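Topology and contacts: notes
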Amino acid sequence: MINVVLSFDIDAETLWTSRDKENKIGPVMLSQGAYGPKEGIPRILDLLNKRELSATFFITGWVIEHYRSRCEDIVSAGHEVGHHNYNHEWPWRVNADVEKEAFDREMVILKDLLGRTPSGYRAPGWEFSDVTMDLLLNSEIKYSSNFMDSDVPYRHIYKGNKTNLVELPVSWMLDDAAFFMHGLTYGPPQFNPETVLSMWKAEFDALYKEERDTCFILTMHPQIMGRPARMAMLDKLVEYIRKKEGVRFITAEALAEEYRGL
Ligand SMILES: [Zn+2]
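What counts, and at which threshold
Numbers given to residues run from 1 along each chain, matching the order in which its sequence is written. Only residues with pLDDT of at least 70 get local features here, since the model is predicted, and only at 80 or more are side-chain atom pairs given and counted; chain-wide, interface and lining totals rely on the full set of residues. Put simply, DSSP marks the helices as runs of H or I at least four residues long and the strands as runs of E at least two long, and each gets a number from the N terminus on. As a reference, a globule follows 2.2 Å times the number of residues to the power 0.38, and the radius of gyration itself is taken over C-alpha atoms. Neighbour counting defines burial: a residue surrounded by 20 or more other C-beta atoms within 10 Å of its own C-beta is buried, one with 12 or fewer is exposed, and intermediate counts give partly exposed, using backbone-placed C-beta atoms. Contact between two residues is assigned when their C-beta atoms, built from the backbone, lie within 7 Å. Among buried residues, those of type Ala, Val, Leu, Ile, Met, Phe, Trp, Tyr and Cys that are joined through C-beta atoms within 7 Å form a set called a nonpolar core.

Check the secondary structure of the protein chain and you find 11 helices and 9 strands. Its C-alpha atoms give the protein chain a radius of gyration of 17 Å, near enough to 18 Å, the size a compact globule of 262 residues would have. In terms of its C-alpha atoms, the protein chain occupies a principal-axis envelope of roughly 45 × 45 × 35 Å. By the burial criterion, 41% of the 262 residues in the protein chain qualify as buried. Residue pairs in contact within the protein chain that sit at least 24 positions apart in sequence constitute 75% of those at least 6 positions apart.

Right, let's get into the nonpolar core. V5, F57, I59, V63, L168, I217 and L255 are the most contacted members of the largest nonpolar core, which has 61 residues in total. Ranked by residue count, the leading element in this core is strand β1 (residues 2-10), at 6 residues. L255 has contacts with N3, V5, P153, L168, C215 and I250, leaving out every residue within four places of it along the chain.

Note on placement: F204 falls in helix α8 (residues 193-209). For F204 and M133, which are 71 residues apart along the polypeptide, the C-alpha to C-alpha distance reads 30 Å. If sequence neighbours within four positions are ignored, F204 has contacts with F216 and I241.

What follows is the structure, given as C-alpha coordinates:
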(Lines give C-alpha, C1' and ligand atoms only; values in the text may rest on other atoms or scores of the structure.)
Protein backbone atom coordinates (compact mmCIF):
# COMPACT_ATOMS: atom_id res chain seq x y z
CA MET A 1 0.00 0.00 0.00
CA ILE A 2 1.29 3.43 -0.90
CA ASN A 3 -0.15 6.18 1.29
CA VAL A 4 -0.32 9.39 -0.67
CA VAL A 5 -0.44 12.64 1.30
CA LEU A 6 -1.06 15.97 -0.39
CA SER A 7 0.41 18.58 1.92
CA PHE A 8 0.45 22.32 1.42
CA ASP A 9 2.58 24.74 3.43
CA ILE A 10 0.95 28.15 3.58
CA ASP A 11 3.71 30.63 4.29
CA ALA A 12 2.47 33.50 2.09
CA GLU A 13 4.54 36.60 2.86
CA THR A 14 6.36 34.87 5.74
CA LEU A 15 8.21 32.67 3.24
CA TRP A 16 10.04 35.78 2.07
CA THR A 17 10.33 37.70 5.33
CA SER A 18 11.95 34.70 6.99
CA ARG A 19 14.24 33.86 4.09
CA ASP A 20 16.11 36.99 3.36
CA LYS A 21 16.39 39.15 6.44
CA GLU A 22 19.51 40.94 5.32
CA ASN A 23 17.98 42.41 2.20
CA LYS A 24 15.22 44.94 2.03
CA ILE A 25 11.95 43.18 1.37
CA GLY A 26 9.79 45.28 -0.87
CA PRO A 27 6.07 45.17 -1.54
CA VAL A 28 6.47 43.31 -4.82
CA MET A 29 8.42 40.46 -3.28
CA LEU A 30 5.80 40.23 -0.56
CA SER A 31 3.03 40.21 -3.14
CA GLN A 32 4.54 37.01 -4.50
CA GLY A 33 3.66 35.45 -1.18
CA ALA A 34 0.17 36.91 -1.18
CA TYR A 35 -0.54 35.07 -4.42
CA GLY A 36 -0.93 31.91 -2.32
CA PRO A 37 -3.93 32.95 -0.24
CA LYS A 38 -5.42 35.13 -2.98
CA GLU A 39 -5.22 32.78 -5.97
CA GLY A 40 -3.55 29.53 -5.01
CA ILE A 41 -5.76 28.40 -2.14
CA PRO A 42 -9.06 28.77 -4.03
CA ARG A 43 -7.64 26.74 -6.91
CA ILE A 44 -6.35 24.07 -4.56
CA LEU A 45 -9.66 23.83 -2.71
CA ASP A 46 -11.50 23.55 -6.03
CA LEU A 47 -9.26 20.70 -7.15
CA LEU A 48 -9.59 18.84 -3.85
CA ASN A 49 -13.34 19.30 -3.90
CA LYS A 50 -13.60 18.12 -7.50
CA ARG A 51 -11.51 15.01 -6.76
CA GLU A 52 -13.14 14.47 -3.35
CA LEU A 53 -9.81 14.43 -1.53
CA SER A 54 -8.76 15.56 1.92
CA ALA A 55 -5.39 17.26 2.27
CA THR A 56 -3.13 18.58 5.02
CA PHE A 57 -2.24 22.27 5.31
CA PHE A 58 0.56 23.58 7.53
CA ILE A 59 -0.16 27.26 8.10
CA THR A 60 1.90 29.89 9.90
CA GLY A 61 0.12 31.86 12.62
CA TRP A 62 0.89 35.10 10.83
CA VAL A 63 -1.02 33.84 7.80
CA ILE A 64 -3.99 32.80 9.94
CA GLU A 65 -4.09 36.31 11.41
CA HIS A 66 -3.88 38.01 8.02
CA TYR A 67 -5.97 35.62 5.89
CA ARG A 68 -8.41 34.29 8.42
CA SER A 69 -11.34 33.68 6.07
CA ARG A 70 -9.18 31.71 3.62
CA CYS A 71 -8.02 29.52 6.50
CA GLU A 72 -11.60 29.05 7.66
CA ASP A 73 -12.44 27.89 4.12
CA ILE A 74 -9.81 25.16 4.50
CA VAL A 75 -11.12 24.05 7.86
CA SER A 76 -14.77 24.08 6.81
CA ALA A 77 -13.93 21.96 3.76
CA GLY A 78 -12.75 19.27 6.18
CA HIS A 79 -9.02 19.43 5.57
CA GLU A 80 -6.40 18.98 8.24
CA VAL A 81 -4.44 21.98 9.50
CA GLY A 82 -1.07 21.57 11.21
CA HIS A 83 1.55 23.63 13.04
CA HIS A 84 4.11 25.62 11.00
CA ASN A 85 5.31 28.11 13.66
CA TYR A 86 4.17 31.70 13.91
CA ASN A 87 6.21 33.66 11.41
CA HIS A 88 8.18 30.98 9.58
CA GLU A 89 11.50 31.83 11.21
CA TRP A 90 13.85 28.94 10.60
CA PRO A 91 14.32 27.28 14.01
CA TRP A 92 18.09 26.87 13.84
CA ARG A 93 18.58 30.54 13.03
CA VAL A 94 16.92 31.87 16.19
CA ASN A 95 17.66 31.24 19.85
CA ALA A 96 15.69 28.73 21.90
CA ASP A 97 13.51 31.35 23.61
CA VAL A 98 12.45 32.91 20.30
CA GLU A 99 11.70 29.50 18.84
CA LYS A 100 9.58 28.49 21.83
CA GLU A 101 7.70 31.78 21.79
CA ALA A 102 6.86 31.33 18.08
CA PHE A 103 5.87 27.71 18.70
CA ASP A 104 3.56 28.56 21.61
CA ARG A 105 2.05 31.57 19.86
CA GLU A 106 1.21 29.43 16.84
CA MET A 107 -0.39 26.78 19.06
CA VAL A 108 -2.74 29.34 20.61
CA ILE A 109 -3.75 30.71 17.19
CA LEU A 110 -4.32 27.23 15.76
CA LYS A 111 -6.46 26.14 18.68
CA ASP A 112 -8.59 29.22 18.17
CA LEU A 113 -8.96 28.50 14.43
CA LEU A 114 -9.60 24.79 14.78
CA GLY A 115 -11.37 24.55 18.11
CA ARG A 116 -8.97 21.68 18.87
CA THR A 117 -5.30 20.87 19.15
CA PRO A 118 -3.39 20.35 15.88
CA SER A 119 -1.67 16.96 15.51
CA GLY A 120 1.17 17.70 13.17
CA TYR A 121 4.28 19.84 13.03
CA ARG A 122 6.22 20.89 9.97
CA ALA A 123 9.23 23.07 10.69
CA PRO A 124 9.79 26.16 8.57
CA GLY A 125 12.54 25.21 6.16
CA TRP A 126 12.21 21.55 7.26
CA GLU A 127 14.98 21.83 9.82
CA PHE A 128 15.23 21.45 13.58
CA SER A 129 17.32 23.38 16.08
CA ASP A 130 18.90 21.73 19.10
CA VAL A 131 15.70 22.22 21.09
CA THR A 132 12.99 21.51 18.49
CA MET A 133 12.64 17.83 19.31
CA ASP A 134 12.25 18.59 23.02
CA LEU A 135 9.65 21.23 22.19
CA LEU A 136 7.62 18.67 20.24
CA LEU A 137 7.93 15.92 22.82
CA ASN A 138 6.76 18.29 25.54
CA SER A 139 3.79 19.46 23.50
CA GLU A 140 0.53 18.00 22.24
CA ILE A 141 2.03 17.42 18.79
CA LYS A 142 1.65 13.80 17.66
CA TYR A 143 3.63 13.71 14.46
CA SER A 144 6.43 15.50 12.64
CA SER A 145 6.70 15.70 8.86
CA ASN A 146 10.25 16.90 8.33
CA PHE A 147 12.86 14.15 8.20
CA MET A 148 14.15 12.65 4.97
CA ASP A 149 15.57 9.29 5.96
CA SER A 150 12.83 6.85 5.01
CA ASP A 151 10.02 5.96 2.62
CA VAL A 152 8.03 4.58 5.53
CA PRO A 153 6.55 6.41 8.55
CA TYR A 154 8.19 5.56 11.87
CA ARG A 155 8.33 6.55 15.52
CA HIS A 156 11.24 8.71 16.55
CA ILE A 157 13.93 7.34 18.80
CA TYR A 158 15.30 10.18 20.92
CA LYS A 159 18.10 9.92 23.45
CA GLY A 160 17.82 6.16 23.28
CA ASN A 161 14.08 5.96 23.87
CA LYS A 162 11.36 5.15 21.39
CA THR A 163 8.91 8.03 21.56
CA ASN A 164 5.27 8.32 20.53
CA LEU A 165 6.18 11.00 18.01
CA VAL A 166 5.54 9.65 14.52
CA GLU A 167 7.60 10.83 11.58
CA LEU A 168 6.01 11.17 8.15
CA PRO A 169 9.10 11.56 6.00
CA VAL A 170 9.39 14.05 3.17
CA SER A 171 11.85 14.70 0.36
CA TRP A 172 13.09 17.61 -1.73
CA MET A 173 12.33 15.38 -4.70
CA LEU A 174 8.62 15.69 -3.88
CA ASP A 175 8.66 19.41 -3.05
CA ASP A 176 7.38 22.00 -5.53
CA ALA A 177 9.86 24.62 -4.29
CA ALA A 178 12.78 22.59 -5.62
CA PHE A 179 11.45 22.99 -9.15
CA PHE A 180 9.42 26.16 -9.27
CA MET A 181 10.43 28.58 -6.52
CA HIS A 182 11.93 31.74 -7.88
CA GLY A 183 12.42 35.34 -6.75
CA LEU A 184 14.50 38.44 -7.29
CA THR A 185 17.17 37.35 -4.81
CA TYR A 186 16.63 33.63 -5.08
CA GLY A 187 16.00 30.94 -7.50
CA PRO A 188 17.00 28.32 -9.97
CA PRO A 189 15.28 28.23 -13.35
CA GLN A 190 11.64 27.27 -13.19
CA PHE A 191 10.86 23.81 -14.56
CA ASN A 192 8.27 22.94 -17.16
CA PRO A 193 5.32 21.43 -15.24
CA GLU A 194 5.28 18.49 -17.65
CA THR A 195 8.87 17.70 -16.71
CA VAL A 196 8.01 17.68 -13.02
CA LEU A 197 4.95 15.57 -13.73
CA SER A 198 7.12 12.97 -15.43
CA MET A 199 9.63 13.04 -12.54
CA TRP A 200 6.95 12.62 -9.88
CA LYS A 201 5.25 9.87 -11.88
CA ALA A 202 8.56 8.04 -12.26
CA GLU A 203 9.20 8.30 -8.53
CA PHE A 204 5.71 7.05 -7.75
CA ASP A 205 5.94 4.17 -10.25
CA ALA A 206 9.28 2.99 -8.91
CA LEU A 207 7.97 3.03 -5.35
CA TYR A 208 4.81 1.25 -6.47
CA LYS A 209 6.84 -1.58 -7.99
CA GLU A 210 8.44 -2.30 -4.61
CA GLU A 211 5.06 -3.56 -3.36
CA ARG A 212 5.57 -2.59 0.27
CA ASP A 213 3.88 -0.21 2.70
CA THR A 214 5.35 3.18 1.97
CA CYS A 215 4.32 6.82 1.82
CA PHE A 216 4.45 9.36 -0.97
CA ILE A 217 4.20 12.77 0.63
CA LEU A 218 4.05 15.76 -1.68
CA THR A 219 4.92 19.13 -0.16
CA MET A 220 3.55 22.10 -2.04
CA HIS A 221 2.99 25.80 -1.48
CA PRO A 222 -0.10 27.67 -2.71
CA GLN A 223 2.03 30.61 -3.89
CA ILE A 224 4.19 28.24 -5.95
CA MET A 225 1.99 25.30 -6.96
CA GLY A 226 -1.10 27.49 -7.20
CA ARG A 227 -0.20 28.80 -10.66
CA PRO A 228 -2.69 27.59 -13.29
CA ALA A 229 -0.46 25.28 -15.33
CA ARG A 230 1.07 23.73 -12.21
CA MET A 231 -2.38 23.03 -10.79
CA ALA A 232 -3.33 21.37 -14.06
CA MET A 233 -0.22 19.22 -13.68
CA LEU A 234 -1.17 18.28 -10.11
CA ASP A 235 -4.63 17.31 -11.30
CA LYS A 236 -3.07 15.01 -13.90
CA LEU A 237 -0.83 13.43 -11.27
CA VAL A 238 -3.76 12.86 -8.91
CA GLU A 239 -5.76 11.21 -11.66
CA TYR A 240 -2.79 9.05 -12.62
CA ILE A 241 -2.26 7.84 -9.06
CA ARG A 242 -5.96 7.30 -8.39
CA LYS A 243 -6.18 4.71 -11.15
CA LYS A 244 -3.68 2.41 -9.40
CA GLU A 245 -4.78 -0.31 -7.05
CA GLY A 246 -3.26 -0.57 -3.59
CA VAL A 247 -2.96 3.19 -3.24
CA ARG A 248 -4.89 5.55 -1.05
CA PHE A 249 -4.98 9.27 -0.45
CA ILE A 250 -4.93 10.04 3.25
CA THR A 251 -4.34 13.04 5.51
CA ALA A 252 -1.08 13.18 7.39
CA GLU A 253 -2.93 13.06 10.70
CA ALA A 254 -4.82 9.87 9.79
CA LEU A 255 -1.66 8.20 8.52
CA ALA A 256 0.32 9.15 11.61
CA GLU A 257 -2.38 7.73 13.84
CA GLU A 258 -1.94 4.31 12.24
CA TYR A 259 1.75 4.29 13.14
CA ARG A 260 1.43 5.52 16.71
CA GLY A 261 0.89 2.06 18.10
CA LEU A 262 3.53 0.32 16.02
ZN1 LIG B 1 6.89 26.87 5.06
